[in-house]
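Chain and residue survey
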Amino acid sequence: MIKKLCALLLVTALVGWSLVSPPFGARANTKGDGLDFGGVVKLIESHYRVKGKGLPWVARVGIKAAQPFTRLAGYGGVKVVVFEDQDFTSPARGVDFNEMMRGALKPAWSALVEVQARAANEQTLVYYREAGDRFKVLVVTIGARDGTAVQVELSQSKMAELMKDPNKMSKVINEDTTSGAEPE
Amino acid sequence: MKSYLRQSIRLACIALIMLGAFALARGQAASNQATSGQVTGNSGRLMIDDLDRLTSKAAESVNVSLDERLLRIVPKAFSEKDPDERKIKEIIAGLKGVYVRVFEFDAVGAYSDGDVNPIRQQLRAPGWSRIVEVRSRKEDQQVEVYIMNNGDKVDGLAVLAFEPKQLVIVNIVGTIDLEKLSKLEGEFGVPVLEIERDPKPRRK
């Protein structure tokens, strides 16, 4: 009987602890982990039922070497996934992609620019988070047939320069990191 | 022994209910804290997220959010030598946030007063006042400019610009001089609104 009582108290304590403590996901968020780049790519893939391809490291180095030095100053930690010739016109129903992204990236990432052009079936989302004295910037661009997800680390001065015109920020980052490279 | 067990179960149930209530209360408190930190913590900051529902109706929408963390680094991009850039640096120094929403619609009447009323309601709160002697040089554009006064200081500014097929909301948080607002047009996602002081000011 005492064993049963102990078991009952243990179950009570465990259930109580689970009620009082935040869920595992929330705990990860409070540490500021948020969703990582791979998670963002998976989110795009599952929402639009598409498949992305990463740019090989060598290609990224090639892009860097090919770009004028001034444009690349301040960039680092480039991660790129491209979605070529895929159908982005029939996303999962009931959930807005933008809202879903916001929810998944909170609280570590903050939305900086969100542009949607319904007629052209295009949307561009730019999020950022602080990384020491640098900034991590995540750019997701989705069109009717193509898309890209890019994450870069920017120096403060590069970030400041790009913020002069936030609407062009995604275009500049995309061009600087993906132009001329073939996906894996 | 049976009654002892029954009593233990009853106590365990009470403990669970109390823990549940505590967890709910804590969650509610955390949620309230998050909301108040976002809205009332920044004087001059408007809640404009409700406008996001217009995104699905709009042919094109732009949402730019520059918070204090970002604005702190912006001066690095502007030169001290160029007089215009120096002025922009001075303006930014007093800012805590720039929030812009632009919606362009295919048809006239796609948005209504009802969509904008929640913002107007916030602008009726103490501290906010409308500047009447402001107009837009753009044809078909009606502009409402509001400032949040905190004593002698201006802690925030809101611009509501209406065109038949376009709606623009700009909320600038922090110390801002209306005369210098035009310097921010075209910068940091703030659209060119062509706002100017009315040469024949009216009294409201």
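Residues numbered from 1 in each chain as written. Chains lettered and ligands numbered in written order. Predicted model: local features only at pLDDT ≥ 70, side-chain atom pairs only at ≥ 80, totals over all residues. Heavy atoms only, no water.

1. Thoughts on the overall build of chain B
The criterion, for reference: Numbering of helices and strands runs from the N terminus, with a helix taken as a DSSP run of H or I at least four residues long and a strand as a DSSP run of E at least two residues long. In what follows, a contact means two residues having at least one pair of non-hydrogen atoms within 4.5 Å. Here, Shrake-Rupley sampling with a 1.4 Å probe gives the accessible areas, and only protein chains in the shown set may cover a residue.
Scanning chain B from terminus to terminus reveals 5 helices and 8 strands. Taking the intrachain contacts of chain B between residues at least 6 apart in sequence as the baseline, contacts between residues at least 24 apart amount to 65%. Summed over all atoms, the accessible surface of chain B reaches about 11200 Å², with 51% contributed by carbon and sulfur.

2. With respect to the overall build of chain A
Along its length, chain A carries 8 helices and 6 strands. The order of α-helices and β-strands along chain A, N terminus first, is α-α-α-β-α-α-β-α-β-β-β-β-α-α. Here the contacts in chain A between residues at least 6 apart in sequence split such that 65% fall between residues at least 24 apart. Entry remark: accessible area of chain A is about 9600 Å², with carbon and sulfur atoms responsible for 58%.

3. Some thoughts on the layout of surface pockets
Stated precisely, the cut-off is as follows: The way it works is a 1 Å grid over only the protein atoms, where trapped points that fit a 1.4 Å probe form a cavity and open points with protein on both sides within 12 Å along at least five of seven lines form a pocket, and then any residue with an atom within 4 Å of a point lines it. Grid points are joined across faces, edges and corners, and a volume is the space filled by probe spheres set on the points. Throughout this entry, Asp, Glu, Lys and Arg are counted as charged residues, while Ala, Val, Leu, Ile, Met, Phe, Trp, Tyr, Cys and Pro are counted as nonpolar. The remaining residues, Gly among them, count as polar.
For the second largest pocket, the calculated volume is near 600 Å³. The wall of the second largest pocket is formed by 30 residues, among which A:D96, A:Q116, A:Q123, B:T55 and B:S56 lie closest to the centre. When contributions to the lining of the second largest pocket are tallied by element, the ones reaching two or more residues are α3 (37–48), α6 (97–105), β3 (110–117) and β4 (122–131) of chain A together with β1 (60–67) and β2 (95–104) of chain B. With 4 residues, α6(A) is the single largest residue contributor to the lining of the second largest pocket. Of the residues contributing to the lining of the second largest pocket, the split by class is 10 nonpolar, 11 polar and 9 charged.

4. Regarding the packing of aromatic side chains
For clarity, the threshold we go by: Only Phe, Tyr and Trp rings take part, Trp by its six-membered ring, and two of them pair if their centres are within 6.5 Å. Stacked means planes under 30 degrees apart, edge-to-face means over 60, and tilted covers everything else. Two conditions define a charge located above a ring, namely a distance within 6 Å from the ring centre to NZ of Lys or CZ of Arg, and an angle within 35 degrees of the ring normal.
Applying the stated rule across the entire model yields 6 aromatic pairs over all chains. Three or more aromatic residues joined by ring pairs make a cluster, and in this case those are A:Y48, A:F83, A:F88 and A:F97. Seen from the ring of B:F78, A:K164 lies directly overhead, with NZ or CZ sitting 4.8 Å from the centre. The side chain of B:R45 reaches across the aromatic face of B:Y99, ending 3.9 Å from its centre.

5. Some points on the pattern of salt bridges
Note the threshold: Any carboxyl oxygen of Asp or Glu within 4 Å of a side-chain nitrogen of Lys or Arg constitutes a salt bridge here. The classification of residues rests on relative accessible area computed with a 1.4 Å probe and restricted to protein chains. Under 20% of the type maximum is buried, over 50% is exposed, and intermediate values are partly exposed.
As enumerated under the stated definition, the model contains 15 salt bridges over all chains in all. Residue A:R102 is joined to B:D52 by a salt bridge in which the shortest nitrogen-to-oxygen separation is 3.1 Å. Of this pair, A:R102 sits in helix α6 while B:D52 sits in the loop between α1 (2–39) and β1, on two different chains. A:E130 is the salt-bridge partner of B:R69, the closest N and O atoms lying 3.5 Å from each other. Here B:R69, found in helix α2 (residues 68–73), pairs with A:E130, found in strand β4, and the two come from separate chains. With a relative accessible area of 36%, A:E130 lands in the partly exposed category. Here the salt bridges share partners, and the residues they tie into one network are A:R102, A:E114, B:D49, B:D52 and B:R101.

6. Structural notes on α6(A)
Spelled out, the test is: Here the arc refers to the set of directions running from the helix axis out to each C-beta atom.
Regarding α6(A), the residues found buried are A:F97, A:N98, A:M101 and A:L105. Seen from one end, α6(A) has its buried residues packed into an arc of 100°, which puts them on one side.

7. Let's talk about the nonpolar core
Note the following rule: The definition of a nonpolar core used throughout is a set of buried Ala, Val, Leu, Ile, Met, Phe, Trp, Tyr and Cys residues joined through side-chain atoms within 4.5 Å.
Judged by nonpolar contacts, the single largest core of 58 residues is most densely connected at A:M159 and A:I173. Beyond its immediate stretch of four places on either side in the chain, A:I173 contacts A:Y75, A:V137, A:V139, A:V150, A:V152, A:L154 and A:L162.

8. A closer look at the packing of α3(A) against α6(A)
Residue and element names in this part refer to chain A. Heads up, the condition is: Fitted lines through C-alpha atoms serve as axes, helices being fitted only where they are in contact, and the angles separating the N-to-C directions of these axes extend from 0 to 180 degrees. Comment on the angle field: the value is read as roughly parallel under 35 degrees, roughly antiparallel over 145, roughly perpendicular from 65 to 115, and oblique elsewhere. Handedness of a helix crossing follows the sense of rotation of the near helix relative to the far helix, less than a right angle counterclockwise being left-handed and clockwise being right-handed.
Viewed as axis vectors pointing N to C, α3 and α6 meet at an angle of 150°, and their least axial separation amounts to 11 Å. Looking at the two axes, α3 sits roughly antiparallel to α6. In this structure, the crossing between α3 and α6 has a hand that is right-handed. Each of V40, L43, I44, H47 and Y48 in α3 lies in contact with α6, whose residues at this interface are F97, M100, M101, A104 and L105. Looking at side-chain class alone, the contact of α3 with α6 contains 9 nonpolar, 1 polar and no charged residues.

9. Looking at the pairing of β1(B)
Residue and element names in this part refer to chain B. Worth spelling out the cut-off: Between any two strands, at least two bridges found by DSSP are needed for them to pair.
Of all the 8 residues making up β1, 7 are buried; the element is thus mostly covered by neighbouring parts of the structure. Both β1 and β2 contribute to a ladder of 8 bridges, which runs antiparallel. Across the sheet, the residue bridging to D67 is G97, located in β2.

10. Section: helix α3 (residues 83–93) of chain B
Residues and elements named next belong to chain B. Selection rule: Residues adjacent in sequence count toward polar contacts only when both atoms are side-chain atoms; beyond that, a polar contact is any pair of N or O atoms within 3.5 Å, and within protein one must be able to donate a hydrogen and the other to accept it.
Within α3, burial applies to I88, K89, I91 and I92. Down the axis, α3 shows its buried residues gathered within 165° of arc, on one side only. In α3, those exposed residues whose orientation departs by more than 90 degrees from the buried face are P83 and A93. Turning to α3, the residues buried within the fold contact α2, β2 and α5 (181–184). For α3, the capping residue at the N-terminal end is D82, with a side-chain oxygen 2.8 Å from the backbone nitrogen of D84.

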